[in-house]
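Fold and contact review
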Amino acid sequence: MAEAKFKPAETSVGEFLTALDDPRRRAESKTLVEMMTRITGQKPRLWAYGIVGFGEYHYKYASGREGDSPLAAFSPRKADLSIYLSAHDDVDERDALLARLGKHRMGKGCLYVKRLDQVDLAVLEQLVRNAMRAATAPESYK
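Everything numeric in this text was worked out from a predicted model, so none of it was measured. (Residues numbered from 1 in each chain as written. Predicted model: local features only at pLDDT ≥ 70, side-chain atom pairs only at ≥ 80, totals over all residues. Heavy atoms only, no water.)

**Notes on the overall build of the protein**
Scanning the protein from N- to C-terminus turns up 4 helices and 8 strands. In the protein, the order of α-helices and β-strands from amino to carboxyl end is α-α-β-β-β-β-β-β-α-β-β-α. Scaling as 2.2 N^0.38, a compact globule of 142 residues should have a C-alpha radius of gyration of about 14 Å, and the protein matches this with 15 Å. Counting only C-alpha atoms and orienting by the principal axes, one finds that the protein spans roughly 40 × 40 × 25 Å. The buried share among the 142 residues of the protein stands at 43%. Partitioning the contacts of the protein with sequence separation of at least 6, the portion at a separation of at least 24 is 55%. Looking at the protein, you have 23 positive and 20 negative side-chain charges, and the mean spots of the two groups are 3 Å apart. (Helix = DSSP H or I, 4+ residues; strand = E, 2+ residues; numbered from the N terminus. Rg over C-alpha atoms; globule rule 2.2 N^0.38 Å. Buried < 20%, exposed > 50% of the residue type's maximum accessible area, 1.4 Å probe, protein only. Contact = heavy atoms within 4.5 Å. Lys, Arg positive; Asp, Glu negative; His and termini not counted. Charge placed at Lys NZ, Arg CZ, Asp CG, Glu CD.)

Structure, rendered in C-alpha cells:
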C-alpha cells in the first residue's frame, strides 16, 4: 500500500499561522484554534497542505481504503477559510444549521467562509461538533 500523502507536518501551528500575510486571516485562525481546541479537547497540529487539525481518528472504507484524519480541521486559504466537516453527518440537521449560519459555500465535506464576521459562530461551533461526532461513528464509513 502506498504511503499516505495526508499526514501531520513538521512545522508548528504557531509558526504556520504567524507566517500568514493577512492579519485578519491570522486573527480568524486564532478564533478557530480556540473554538476547535474547546470542542475537541485537543491541541492543534499542522497537517499536510496547510491544514490545522485537532485530534485524530482512523477511517476504513468498505473499499479497503483507509487512513488517518483530524477530528476537526480548518485551513486559512487566501480566498476562504476552509472548514472541514464530515460528509457523513446528518444531512438534514446540517442543512438546517447551514441555513442559519450566514454567508458561506458548501462543498461535499468542506465549508467555505470568506470572513468569520459574516457567520454565526455558535452555529459554526455546532456544525463542527456534529462533524466530529460523525467522524468517530464507525457506521459512517461503510
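**Quick notes on unusual backbone geometry**
The backbone phi angle of tyrosine 49 is positive, close to 65 degrees, even though this residue is not glycine. By the secondary structure assignment, tyrosine 49 is in the loop between β1 (44-47) and β2 (51-54).

**Concerning the packing of aromatic side chains**
Counted under the stated rule, the structure contains 0 aromatic pairs. Residue placement shows arginine 105 over the ring face of tyrosine 112; its charged tip is 4.5 Å from the ring centre. (Phe/Tyr/Trp six-rings, centres within 6.5 Å; stacked < 30°, edge-to-face > 60°. Lys NZ or Arg CZ within 6 Å of the ring centre and 35° of its normal.)

**Points about the pattern of salt bridges**
This model, assessed by the stated rule, comprises 9 salt bridges. One salt bridge connects aspartate 22 with arginine 24, and the closest N-O pair in it is separated by 3.9 Å. Owing to a relative accessible area of 29%, arginine 24 belongs among the partly exposed residues under this scheme. Among the charged side chains, a salt-bridge network with shared partners connects Asp22, Arg24, Arg25 and Glu28. (Salt bridge = Lys/Arg side-chain N within 4 Å of Asp/Glu carboxyl O.)

**So, the packing of helix α3 (residues 91-101) against helix α4 (residues 121-135)**
Where α3 contacts α4, the two axes come as close as 9 Å, and the packing angle between them is 160 degrees. Classed by the angle they form, the pair α3 and α4 counts as roughly antiparallel. Seen from above, α3 lies across α4 with left-handed handedness. Only Val123, Leu124, Gln126, Leu127 and Asn130 of α4 make contact with α3, whose side of the interface consists of Glu93, Arg94, Leu97, Leu98, Arg100 and Leu101. Tallied by class, residues from the contact of α3 with α4 come to 6 nonpolar, 2 polar and 3 charged. (Axes fitted to C-alpha atoms, helices over the stretch in contact; angles between N-to-C directions. Parallel < 35°, antiparallel > 145°, perpendicular 65-115°, else oblique. Left-handed = near helix turned anticlockwise from the far one by under 90°. Nonpolar A, V, L, I, M, F, W, Y, C, P; charged D, E, K, R; others polar.)

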